[in-house]
Amino acid sequence: MIHSSTLIAILLVAITTYLTRLLGYVLLKNKTLSNKHRKILEVVPGCVLISVIAPYFVKDHPADLIAIGITLLAASRLPLLSTVIISMLSAAVLRQILI
């Protein structure tokens, strides 16, 4: 069973990640952006997600390390929202199974 604090953290990370993309477009809607700047805006949400999971790189919990691998694989092949959902679910499930 997922703890309520874990579920709240998952929701907050998903909302924060999505809002970084949304706010970028809202704040810059009347500006003309180069292709380079557009590409930068597209990776910002991923950077937020990575900053949340990056501390687990220095831990030795197998569930967290596997979840990071799953997240990286999903991020290389899927859209942002799918990646966020897969990363959070894989971390939750693997922590229940392996820890």
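Residues numbered from 1 in each chain as written. Predicted model: local features only at pLDDT ≥ 70, side-chain atom pairs only at ≥ 80, totals over all residues. Heavy atoms only, no water.

> Hey, could you run me through the overall build of the protein in this one?
Scanning the protein from terminus to terminus reveals four helices and zero strands. For the protein, the sequential pattern of α-helices and β-strands runs α-α-α-α. For the C-alpha atoms alone, the extent of the protein along its principal axes is close to 50 × 25 × 20 Å. Contacts in the protein between residues at least 24 apart in sequence constitute 61% of all its contacts with a sequence separation of at least 6. (Helix = DSSP H or I, 4+ residues; strand = E, 2+ residues; numbered from the N terminus. Contact = heavy atoms within 4.5 Å.)

> When you look at the confidence of the model for the protein in this model, what are you seeing that I'm missing?
A low pLDDT score tells you not to read the predicted coordinates there in detail. With 93% of its residues at a pLDDT of 70 or more, the protein has an overall mean of 82. Ranking the helices and strands of the protein by mean pLDDT puts helix α4 (residues 80-98) first, with 90, and helix α2 (residues 35-53) last, with 75. (pLDDT = per-residue confidence, 0-100.)

> Honestly, helix α1 (residues 4-27) in this entry has me stumped. Any pointers?
Each α-helix turn comprises 3.6 residues. Residues three or four places apart therefore point the same way. Between its terminal C-alpha atoms α1 stretches 33 Å, which fits the 34 Å expected from 24 residues at 1.5 Å a residue. All buried positions along α1 are accounted for by Ile 10, Val 13, Thr 17 and Gly 24. (Expected span 1.5 Å × (residues − 1). Buried < 20%, exposed > 50% of the residue type's maximum accessible area, 1.4 Å probe, protein only.)

> Whenever I open this one, the packing of α1 against α4 confuses me. Can you help?
When two helices pack together, their arrangement is given by the angle between the helix axes and the distance between those axes. One way to put it is that α1 packs onto α4 with a least axis distance of 11 Å and a crossing angle of 160°. Taken together, the axes of α1 and α4 lie roughly antiparallel to each other. For the pair α1 and α4, the sense of crossing is right-handed. Residues Ile 10, Val 13, Ala 14, Thr 17 and Arg 21 of α1 pack against Leu 80, Val 84 and Met 88 of α4. Of the residues belonging to the contact of α1 with α4, the class tally is six nonpolar, one polar and one charged. (Axes fitted to C-alpha atoms, helices over the stretch in contact; angles between N-to-C directions. Parallel < 35°, antiparallel > 145°, perpendicular 65-115°, else oblique. Left-handed = near helix turned anticlockwise from the far one by under 90°. Nonpolar A, V, L, I, M, F, W, Y, C, P; charged D, E, K, R; others polar.)

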